[in-house]
Amino acid sequence: TAHSRVKISNEALDDVVDYGSADSMWFDVKKKQLHLYGSAFMKYTSIDLKAGYILLDYEKNEVSAEQYPDSTGQLAGLPAFKDGEQEFTATKLRYNFRSKKGIIYEARTQQQDLFVLGSKAKFVGQAGADTSSRAKNTVYNQNALLTTCDDPHPHFGIRTKKLKVVPDKLVVTGFSNVEIGGIPTPLVLPFGFYPITKSRKAGLIIPRDFEFADQEGFGLKDWGYYFPISEHIDEKITFNLYTSGSWGVLSETRYNQRYRFSGNFSLRYNNRVTESPRAEKQGAKSFGIRWSHQQDAKAHPSRRFGGSVNIETNRDQNRNRNDYNSVVQNQLSSNLNYSQTFPGKPYQFNASLSHSQNTRTRTMNISFPTAAFNLQRIYPFKRKNPVGNERWYEKLSLTYSSRLQNTVQVADTLLFTKETLLKSRMGIQHQASTDFNFKLFKYINLAPRVSYEENWYPYSIEKEFLPEIQYKYDTIEGLLVVDSSATVWGRDTSYRRWGFKPFRQYDAGLSANTVLFFTKQFKKGWFRGIRHTMKPSISTGFRPDYSGSDYFRTIPTTNRPGRTDSLSYSVFDEAVYGRPSNGPRDMAIGYSLSNILEMKFYSAKRDTVRRVKIFDGLNFSGSYSLTRDTLKWSTIGTGGLFRLFKGLTNLSWNATFDPYIRNEKGVRINKFAVKEQGKLLRLTRFSVQLNTQMSMRELRNLFDKNKKDETPQQSPSRPQATIKDNFLDWFDD
């Protein structure tokens, strides 16, 4: 065939060479050389080369690269050489395709966590083999620096004249010394072997520090064992041991699931034994828990979980660590949250753990567990496919929420003991409410409502009077008599009675409101109209009297003859959600009236009709009791708001009026001011507040506009501005 008659030179390349440049290229036919300028690249088998200038010599089967001046004259395009997974950056390099050898100047390469920098390096590949295998490649460096610092100019490292790199296996150095900040130190090494591996391997952890403490004696710190459990989790266990008998153990676990979550968990326990100058040994046991968990944002669309936990007892870090943070840190806190939403559903769930701790006072405040379930407002009787007008019962709405809470304040040394349970304040609260809105006579909005609350507790409070009399005696004229003022006439005690104990309470109410408008307009003159908007509202509510129920009890407080002192208390006095109300039954009618006054004026300056708010939200509110015997009328509160200078300044005022008078002691009495003092209401409080908030631009525009408006030049067809126009500028449009 035609292809069989074509003879290929033994010196020819094994594969196609792909090349290009962003600036220009030039092919020298006579010398068989290809020149690439400006962001040049070349690809051949597993070799990938990028540089500012590349020279490809077909005669020698060689490629060289270096930087090339850009449009500003600055050298750019640092050569980057990649063979398989072996990567270099250099100022200049030369590589032979046949021999698989190359020379690299100012080379920089990374082997896992090690960075190798050499003034001159030789790259040697296995001739005739697959160069994509990094195990076949070897790098020899001259005057090299071995470091873990990723800075372009490393701050420290090991300087050696000869260095050999076998990728993914090891780095071998000859005679070398430690260099810090570019300055050689007297710390020398005759040779060195630095293993390089991608895989995780279990092994011993060499002690980080040897210590001799005055009270603990000689000790080894942070020695232990590391082992990878799987590709997503590993474990490290370290120990501390001292000759005095002190010891500690630390377990650290790290985990990471890509696109799901990551975190770490540590558990430590320390038994610190110290010896006093009197040769007396004292022990202090402590432990600590740390947990940090982060959920990836892509893990779940409606579920979130994350936070941190940091709890310790008996000042664990302060006692057993000597670093700055462990010694001075006095406040510890934890915050762990879980939330769940249900797409397309009107409810959601949240749970959390919170904790705060002072290591000096050794007091812990823990809230766990804390959970909440919330149901948004729903209309249970609304039809899915309504036909015709809306039914009255379809307007009935329902809301519901449930909360679980457990809080405790306890000393850190008593954590996870019975004392923690005895001091816990826990409970579950359910709250439900329903309301209904409809119109009466087409203009009045009526809204009846009912609220219900139920609280569950695992205990109740019992108080008991102990008739134990402790007599105190006094000597009067040689006689021994009882000192009544110092004698203890019995005492009260309080304890928890464990067992399910709920309490329930409800209230109901009705509110009505409407809107009234009064409008008057004029076609001529400066004053063009007035609009007064009134929003009256009236409401009433009812709550039963629980003071006579078994929620409240009374016990005596003294055995002293002639005294009948007593104490009233609620069995829910220590409840986490409070206790039921023991106030008398009260049914009151509340009322309020909101006013807005707007006027229309003709502005000669603007040749238009302007609408100005004279006052915004002039309010009156109060109530009248239907069940009280006296003081049935409450005080009347009123207030208003004026907006000045286009809304830049707000002038607000509040006042309180009382229909009753006060006696000489300042107490309200059941006598009306209109009868006693001849005035309908008595002013008890009055306040005025002026608030201005503006930016520099608003302030500049305000003055610029005034300056423009004050110019004498006016359009012949526009009337001159009047004093009334300037007065209107105080108010907002």
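Residues numbered from 1 in each chain as written. Predicted model: local features only at pLDDT ≥ 70, side-chain atom pairs only at ≥ 80, totals over all residues. Heavy atoms only, no water.

Before going further, it helps to spend a moment on the overall build of the protein. A count of helical and extended segments in the protein gives six helices and 47 strands. Taken across its 733 residues, the protein has 32% of its residues classed as buried. Summarising the internal contacts of the protein: among those between residues at least 6 apart in sequence, 52% fall at separations of at least 24. For the protein, the accessible surface area stands at approximately 45700 Å², while carbon and sulfur atoms represent 55% of it. (Helix = DSSP H or I, 4+ residues; strand = E, 2+ residues; numbered from the N terminus. Buried < 20%, exposed > 50% of the residue type's maximum accessible area, 1.4 Å probe, protein only. Contact = heavy atoms within 4.5 Å. Areas by Shrake-Rupley, 256 points an atom, 1.4 Å probe, with all protein chains shown as cover.)

Peptide bonds are mostly trans, and most non-glycine residues show a negative phi. Residue Pro369 is bonded to the preceding Phe368 through a cis peptide linkage, with omega at -5°. Structurally, Pro369 can be placed in strand S29 (residues 363–378). The residue Asn314 is not glycine, and still its phi comes out positive at about 55°. On the secondary structure map, Asn314 appears in the loop between strand S26 (303–312) and helix H1 (316–320). Exposure remark for Asn314: the relative accessible area of 9% places this residue in the buried category. Positive phi is not limited to glycine here, since Arg362 has a value of about 60°. Here Arg362 lies in the loop between strand S28 (347–358) and S29. The partly exposed category is assigned to Arg362, whose relative accessible area is 26%.

Here we take up the pairing of strand S44 (residues 649–658). As judged from the nine bridges shared by strand S43 (residues 636–644) and S44, these two strands associate in the antiparallel manner. Paired with Gly639 across the strands is Asn654, a residue of S44. Bridge count for S44 against strand S47 (residues 682–692) is ten bridges, and the pairing is antiparallel. Directly across from Leu651, in S47, lies its bridge partner Leu690. (Pairing = 2+ DSSP bridges.)

Now for the packing of aromatic side chains. Aromatic rings in a pair are described by how distant their centres are and how their planes are angled relative to each other. Under the definition given, this model contains 38 aromatic pairs. When the centroid spacing of 5.9 Å and the interplanar angle of 65° are considered together, the rings of Tyr255 and Phe261 count as edge-to-face. Take Tyr255: its relative accessible area is 16%, and that puts it in the buried class. Owing to a relative accessible area of 28%, Phe261 belongs among the partly exposed residues under this scheme. Ring centres 4.6 Å apart and planes at 45° place the aromatic pair Trp526 and Phe601 in the tilted group. Here Trp526, found in the loop between strand S37 (516–521) and strand S38 (527–542), pairs with Phe601, found in strand S41 (residues 588–603); they are 75 residues apart in sequence, far enough to count as distant. The class for Phe601 is buried, based on a relative accessible area of 6%. (Phe/Tyr/Trp six-rings, centres within 6.5 Å; stacked < 30°, edge-to-face > 60°.)

Tracing the backbone shows Asp412 in the loop between strand S30 (397–411) and helix H3 (418–423). Engagement of the side chain of Asp412 in a polar contact is seen with the backbone nitrogen of Asn314, the distance being 3.2 Å. With residues up to four places along the chain from it excluded, the contact list for Asp412 reads Glu312, Thr313, Asn314, Arg315, Gln357, Arg362 and Met364. (Polar contact = N/O pair within 3.5 Å; in protein donor to acceptor, adjacent residues only side chain to side chain.)

Now for the layout of surface pockets. Counted as a void, the largest pocket has a volume near 640 Å³. Forming the boundary of the largest pocket are 32 residues, of which Leu250, Glu252, Ser266, Arg290 and Arg321 lie nearest the centre. When residues of the lining of the largest pocket are traced back to their parent elements, those giving at least two are strand S21 (217–228), strand S22 (233–242), strand S23 (247–257), strand S24 (261–275), strand S25 (281–295), S26 and H1. Classifying every residue of the lining of the largest pocket by side-chain character gives eight nonpolar, 13 polar and eleven charged. (1 Å grid on protein atoms, 1.4 Å probe; cavity = no way out; pocket = protein on both sides within 12 Å on 5 of 7 lines; lining within 4 Å. Points joined across faces, edges and corners; volume = space filled by probe spheres on them. Nonpolar A, V, L, I, M, F, W, Y, C, P; charged D, E, K, R; others polar.)

Low pLDDT means the predicted coordinates in that region are not meant to be read closely. Overall, the prediction assigns the protein a mean pLDDT of 84, with 89% of residues at 70 or greater. Below a pLDDT of 50 lies the segment residues 128–135, which in the model reaches 13 contacts outside its immediate sequence neighbourhood of four places, other chains included. Segment residues 706–723: pLDDT under 50, and 13 contacts once partners within four positions in sequence are set aside and those in other chains are kept. (pLDDT = per-residue confidence, 0-100.)

For the rest of this paragraph, the subject is the pairing of S38. Pairing of strand S36 (residues 488–513) with S38, which is carried by six bridges, proceeds in the antiparallel orientation. In the sheet register, Gly509 faces S38, and the bridge partner there is Gly541. In this sheet, S41 lies alongside S38 in antiparallel orientation, the contact comprising 14 bridges. Of the residues in S41, the one forming a bridge with Met534 is Asn595.

The next thing to look at is the side chain of Asn270. With respect to the element layout, Asn270 can be found in strand S24. A polar contact of 3.0 Å, which involves the side chain of Asn270, links it to the side chain of Asp316. Those residues within four positions of Asn270 in sequence are excluded, and the remaining contacts are Trp247, Gly248, Ala284, Lys285, Ser286, Asp316 and Asn320.

Turning next to the pattern of salt bridges. Inspection of the entire model under this criterion finds 26 salt bridges. For Glu574, the salt bridge goes to Arg496, with nearest N and O atoms at 3.4 Å. Taken together, the residues Glu574 in the loop between strand S40 (566–570) and S41 and Arg496 in strand S36 connect sequence positions 78 residues apart. Residue Glu574 is classed as partly exposed on the basis of its relative accessible area, which comes to 33%. The exposure class assigned to Arg496 is buried, which follows from its relative accessible area of 17%. The partner of Asp573 in a salt bridge is Arg579, and the shortest N-O contact between them spans 3.0 Å. You can call Asp573 partly exposed: its relative accessible area is 36%. Since its relative accessible area comes to 37%, Arg579 is described here as partly exposed. Connected through salt bridges with shared partners, the residues Arg268, Glu312 and Asp316 form a single ionic network. (Salt bridge = Lys/Arg side-chain N within 4 Å of Asp/Glu carboxyl O.)

A few words on a nonpolar patch on the surface. On the surface, Tyr19, Met25, Phe27, Val29 and Tyr58 cluster together into a nonpolar patch covering about 470 Å² of accessible area. Within the secondary structure, Tyr19 is located in strand S1 (residues 18–20). Classification of Tyr19 as partly exposed rests on a relative accessible area of 33%. (Patch = residues over 30% accessible without salt bridge, like charges linked within 9 Å, V, L, I, M, F, W, Y side chains within 5 Å.)

Judged by nonpolar contacts, the single largest core of 33 residues is most densely connected at Met42, Leu49, Ile54, Val63, Phe81, Phe97 and Ile104. Those elements that provide at least two residues to this core are strand S3 (33–44), strand S4 (47–57), strand S5 (62–66), strand S10 (92–96), strand S11 (101–111), strand S12 (114–124), strand S13 (138–147) and strand S14 (156–166). Not counting chain neighbours up to four residues away, the residues in contact with Phe81 comprise Ile47, Asp48, Leu49, Gln86, Glu87, Phe88, Leu93, Tyr95 and Phe123. Counting twelve residues, the second largest nonpolar core, distinct from the first, contains Tyr457, Tyr546, Tyr551 and Phe552. (Core = buried A, V, L, I, M, F, W, Y, C linked by side-chain atoms within 4.5 Å.)

By the element assignment, Lys101 lies in strand S11. In this structure Lys101 comes out as partly exposed when scored by relative accessible area, which is 40%. In the structure, Lys101 is positioned 38 residues away from Val139 in sequence and 9.7 Å away in space, judged by C-alpha atoms. Discounting residues that sit within four places of it in the chain, Lys101 has contacts with Arg94, Tyr95, Asn96, Lys122, Phe123 and Val124.

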